Amino acid sequence: DILASKDSAAWVRSEKAVPSFGFTASTYWFALDIHNQNATNSEWLLESLYPPLDHITVHLVYPNQPTESYQGGDAVAFSQRVVKHRNTMFNVPLAAGQSVRIYLAVKTESSLQLPLVLLSPKALMVKDHEEQYALGLFYGSLITLLIFNLLVFASIRDMSYLYSVWYLLAWI
């Protein structure tokens, strides 16, 4: 069992900031050691910035405490996610001065890459606010183009404008 093994020689340190393995049917294991040096924050969120991962199992191993395990990924129903968010996210409670070893088992039928960030709830709120603003501009622009093309089609009956409307609807 990988959780019972303390042998660090079996692990290979990633030389990339974002580990990427292409399309694979294998399960990949990752290990992270985190130590909370922030005296004010004890609640953290571990976020995978690549939503198409099918199955992510997270094991939080605290010294002298029982292991906590969670399931995530896009194959897990949204209602069963630990944190209800568009990206896969897990709670990592970590008091000031405390350490945790995090094991992640990742299996997917799409390409496997694992960009991870550890955020405080406040930092997540700021990041999400900025992302929502950008997404609002993007989708607002698409809707504006869709309405424009629909109005042009209604006035001149050129089918290419209707095709543009269908194309834009596919993006929304």
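Residues numbered from 1 in each chain as written. Predicted model: local features only at pLDDT ≥ 70, side-chain atom pairs only at ≥ 80, totals over all residues. Heavy atoms only, no water.

Student: Please explain the layout of surface pockets as it appears in this structure.
Tutor: Taking a probe equal in size to a water molecule and rolling it over the atoms shows the remaining empty space. Put simply, the largest pocket is a space of about 640 Å³. In terms of lining residues, the largest pocket is bounded by 20 residues, among which V12, R13, S14, F30 and A31 are the most central. If you list the elements that add at least two residues to the lining of the largest pocket, you get strand 2 (28–35) and strand 7 (99–107). In terms of residue count, the dominant contributor to the lining of the largest pocket is strand 2 (6 residues). Grouping the constituent residues of the lining of the largest pocket by class yields 14 nonpolar, 2 polar and 4 charged. (1 Å grid on protein atoms, 1.4 Å probe; cavity = no way out; pocket = protein on both sides within 12 Å on 5 of 7 lines; lining within 4 Å. Points joined across faces, edges and corners; volume = space filled by probe spheres on them. Helix = DSSP H or I, 4+ residues; strand = E, 2+ residues; numbered from the N terminus. Nonpolar A, V, L, I, M, F, W, Y, C, P; charged D, E, K, R; others polar.)

Student: Just to check I follow, could you spell out the packing of aromatic side chains for this structure?
Tutor: To describe a pair of aromatic rings, one takes the distance between the centres and the angle between the planes. Using the criterion set out here, one finds 6 aromatic pairs in the structure. Ring centres of F21 and Y28 lie 4.1 Å apart, and the angle between their planes is 25 degrees; on these two criteria the pair is classed as stacked. Residue class for F21 comes out partly exposed when judged on its relative accessible area of 34%. On the numbers, 6.0 Å between centres and 50 degrees between planes, the contact of F21 with F30 is tilted. The cationic tip of R157 hangs over the ring face of F153; the distance from NZ or CZ to the ring centre is 5.7 Å. (Phe/Tyr/Trp six-rings, centres within 6.5 Å; stacked < 30°, edge-to-face > 60°. Buried < 20%, exposed > 50% of the residue type's maximum accessible area, 1.4 Å probe, protein only. Lys NZ or Arg CZ within 6 Å of the ring centre and 35° of its normal.)

Student: Explain the pattern of salt bridges to me, please; I cannot follow it from the model alone.
Tutor: Pairs may arise between side chains of opposite charge once their charged atoms sit close together. According to the stated counting rule, one finds 5 salt bridges in the structure shown. Residue E131 pairs with R86 through a salt bridge whose shortest N-O separation is 2.1 Å. Taken together, the residues E131 in helix 1 (residues 121–156) and R86 in the loop between strand 5 (68–72) and strand 6 (88–93) connect sequence positions 45 residues apart. Note on E131: relative accessible area 28%, which makes it partly exposed. Of the charged contacts, one joins E131 and K127 as a salt bridge, the two residues approaching to 3.0 Å between their closest N and O atoms. Linking E131 with K127, this pair stays in helix 1, spanning 4 residues, or about one helical turn. K127 sits in the buried class, given a relative accessible area of 17%. Each member of the salt-bridge network shares a partner with another, and the members are E47, R86, K127, D128 and E131. (Salt bridge = Lys/Arg side-chain N within 4 Å of Asp/Glu carboxyl O.)

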